Amino acid sequence: VSLGWFIFWSRGFAPGFAAATRNRDHEYGHSVQSRWFGPLYLLVVGLPSVSRVFYSVYFHRRTGRSWNGYYSGWPEDHADRLGGVPPR
């Protein structure tokens, strides 16, 4: 999770997500987005991102598998590019 200049990241496991260094870089991309969008960040980036997290958790609980589409849409693909994360 990133909140402005602060990035909260650990090497632990979250349901449906394997934590890796690329996740930290991805969160850095979100911190860049927050500086670009300012107070609109929560609406433009935060809401779609949280929606994707909820769907990913739902998908994992329902199927027992990770949802492969999480990083393929806005704003996650954009955060990957800003953070220098190679294509997944």
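Residues numbered from 1 in each chain as written. Predicted model: local features only at pLDDT ≥ 70, side-chain atom pairs only at ≥ 80, totals over all residues. Heavy atoms only, no water.

Novice: Is there a simple way to explain the overall build of the protein in this structure?
Specialist: Helix and strand counts for the protein stand at three helices and four strands. Listing each helix as α and each strand as β along the protein from the N terminus yields β-β-β-β-α-α-α. Taking 12 Å as the expected radius of gyration for a compact globule of 88 residues, we find that the protein reaches 13 Å, a close match to that expectation. Along the longest, intermediate and shortest principal axes, the C-alpha atoms of the protein span 35 × 25 × 20 Å. Looking at the 88 residues of the protein, the share that counts as buried comes to 34%. Looking at the protein alone, contacts between residues at least 24 apart form 55% of all its contacts between residues at least 6 apart. For the protein, the exposed surface amounts to about 5,800 Å²; the carbon and sulfur share of it is 64%. Between the mean site of the 10 positive side-chain charges and the mean site of the 5 negative ones, the protein shows a separation of 6 Å. (Helix = DSSP H or I, 4+ residues; strand = E, 2+ residues; numbered from the N terminus. Rg over C-alpha atoms; globule rule 2.2 N^0.38 Å. Buried < 20%, exposed > 50% of the residue type's maximum accessible area, 1.4 Å probe, protein only. Contact = heavy atoms within 4.5 Å. Areas by Shrake-Rupley, 256 points an atom, 1.4 Å probe, with all protein chains shown as cover. Lys, Arg positive; Asp, Glu negative; His and termini not counted. Charge placed at Lys NZ, Arg CZ, Asp CG, Glu CD.)

Novice: Help me understand the side chain of glutamate 27 in this model?
Specialist: By the element assignment, glutamate 27 lies in helix H1 (residues 21-37). Owing to a relative accessible area of 14%, glutamate 27 belongs among the buried residues under this scheme.

Novice: Whenever I open this one, the side chain of histidine 78 confuses me. Can you help?
Specialist: Mapping histidine 78 onto the fold places it in helix H3 (residues 76-83). Of the residues examined, histidine 78 reaches a relative accessible area of 14% and is grouped as buried. One polar contact links histidine 78 to glutamine 33, side chain to side chain, over a distance of 2.8 Å. Ignoring anything within four residues of it in the chain, the contact list for histidine 78 reads Gln33 and Trp36. (Polar contact = N/O pair within 3.5 Å; in protein donor to acceptor, adjacent residues only side chain to side chain.)

Novice: I would appreciate a short explanation of a nonpolar patch on the surface in the present structure.
Specialist: On the surface, Val1, Leu3, Trp5, Phe6 and Phe8 cluster together into a nonpolar patch covering about 660 Å² of accessible area. Assignment of secondary structure puts phenylalanine 8 in the loop between strand S2 (6-7) and strand S3 (13-14). (Patch = residues over 30% accessible without salt bridge, like charges linked within 9 Å, V, L, I, M, F, W, Y side chains within 5 Å. Salt bridge = Lys/Arg side-chain N within 4 Å of Asp/Glu carboxyl O.)

Novice: So what exactly am I meant to see when it comes to the pattern of salt bridges here?
Specialist: Tallied over the full model, the rule gives two salt bridges. Note that aspartate 25 and arginine 24 form a salt bridge whose closest N and O atoms lie 3.6 Å from each other. Its salt-bridge partner being arginine 81, residue aspartate 77 comes within 3.8 Å of it at the nearest N-O pair. Placement of the pair is aspartate 77 and arginine 81 together in helix H3, with a separation of four residues, close to one helical turn. Overall, the relative accessible area of 24% leaves aspartate 77 in the partly exposed class.

Function cannot be inferred from these measures alone, as they are strictly geometric.
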